[in-house]
Amino acid sequence: MKKNYIAANWKMNLTRSKAVELAKDIREAVKDGKNKYMIAPSFTLIQDVAEVLKGSNILLGAQNMCAEEQGAFTGEVSPLQLLDLGVQVVILGHSERRHIFKETNELINSKVKMALAHKIEVILCVGELLEEREAGKAVAVCEEQIRKGLDGVSEKDMENITIAYEPVWAIGTGKTASPEDADEIHAEIRRVLKDMYGEEIAKNTYIQYGGSMKPTNAEALLAKENIDGGLIGGAGLKAETFAPICKF
Ligand code: PEP
């Protein structure tokens with residue numbers, strides 16, 4: 001049976017000493033865990049957190065990445081710089097990047113291909129706004145984000161792709177999609193992957209749910225057939241709330 005893939009997105013939180021403390025607590029709490037785990041700290045925390053995670057069962061992630069390798073891109077961080085710190089996974093297309101920083105599907109696709117070219121695993125986030133859901137467009141929005149985000153990605157490279165379904169109205173709001181609603185969209189996402197890459201790849205690709213996942217709702221979400229893990233914001237900022245989710 002597929003493991004769950006449980007990932008913490010720490011967003012723009014913590015300073016180095018707090019991040020090290022939290023990474024140590026999580027490392028200890030999940031050391032015997034059987035699932036796949038990842039932590040994505042802010043860029044400035046990665047080096048310290050990398051030291052803590054070395055030799056552990058937790059992958060080191062980043063929350064974003066430039067679509068270029070190097071050069072005149074003020075304020076950006078390149079895949080080469082991430083690799084230099086030991087980063088193994090990058091979150092791309094997070095709704096905060098799409099909606100606050102206006103990242104387009106085309107830019108996200110360039111980043112996806114750049115990460116894969118450097119053998120960095122990708123978590124590609126997709127998800128609809130509340131008004132899109134209310135207009136019955138949730139599936140169409142996710143489908144477009146997946147098709148455009150994965151444009152030009154080979155079958156071989158799909159080994160290094162995880163999709164995170166994150167309904168934007170559920171992120172950081174305390175509102176969670178019901179397990180049934182989330183599973184329905186996950187099934188649609190798998191349908192799109194099957195159409196693009198065939199049944200085997202669609203079956204093997206991790207599809208995480210993200211949006212106010214916490215210890216009290218994680219078990220029911222993760223029990224659903226098409227939900228293979230979680231991308232976790234708020235509950236990833238405390239070992240007491242992250243570790244219980246890692247056990248399911
Ligand atoms: C996220 O930002 O990826 C997320 C799911 O946040 P939260 O768990 O806080 O809703």
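Report follows, based on the coordinates. Residue numbering note: each chain is counted from 1, following its sequence as written. Local features in a predicted model are, by the rule used here, given only for residues with pLDDT of at least 70; side-chain atom pairs are given and counted only at 80 or more, and totals for whole chains, interfaces and linings are based on all residues. Each side-chain value is derived from all of the structure's non-hydrogen atoms; neither hydrogens nor water enter the calculation.

**With respect to the pairing of strand S3 (residues 58-62)**
Per-residue accessibility, obtained with a 1.4 Å probe over protein chains only, is compared with the maximum for each type, and a residue is labelled buried under 20%, exposed over 50%, and partly exposed between these values. Numbering of helices and strands runs from the N terminus; a helix is a DSSP stretch of H or I covering at least four residues, while a strand is a stretch of E covering at least two. With five of its five residues buried, S3 lies for the most part within the structure. Here S3 shows a buried face lined by Ile58, Leu60 and Ala62 and a second buried face lined by Leu59 and Gly61. In this sheet, S3 lies alongside strand S2 (residues 36-40) in parallel orientation, the contact comprising three bridges. Directly across from Tyr37, in S3, lies its bridge partner Ile58. A right-handed crossover is one whose linking path, passing over the helix from the first strand to the second, runs clockwise when the strands point away from the viewer. As a crossover connection, the stretch from S2 through helix H2 (residues 46-53) into S3 is right-handed. Sheet topology note: the S3/strand S4 (residues 89-92) ladder contains two bridges and is parallel. Two strands qualify as a pair provided that DSSP identifies no fewer than 2 bridges between them.

**Considerations on the site of the ligand**
Whether a residue is near a molecule or strand depends on its heavy atoms: if one lies within 4 Å, it is near. As a structural note, the neighbourhood of the ligand is formed by 14 residues, with Lys11, His94, Glu166, Gly172 and Ser212 the closest of them. Contacts described as polar in this section are N or O atom pairs within 3.5 Å, which, within protein, must combine one atom able to donate a hydrogen with one able to accept it, while residues neighboring in sequence count only if both atoms come from side chains. Side-chain polar atom of His94 to an oxygen atom of the ligand: 2.7 Å apart, as the coordinates give it. The separation between an oxygen atom of the ligand and a polar main-chain atom of Ser212 is 2.7 Å. Here the Shrake-Rupley method, with its probe set to 1.4 Å, supplies the accessible areas, and only the displayed protein chains count as covering residues. Considered on its own, the ligand offers 290 Å² of accessible surface; in the complex 95% of this is hidden by protein. For this classification, the nonpolar set comprises Ala, Val, Leu, Ile, Met, Phe, Trp, Tyr, Cys and Pro, the charged set comprises Asp, Glu, Lys and Arg, and every other residue, Gly included, is treated as polar. Of the residues contributing to the shell around the ligand, the split by class is four nonpolar, eight polar and two charged.

That is the geometry; function is a separate question.
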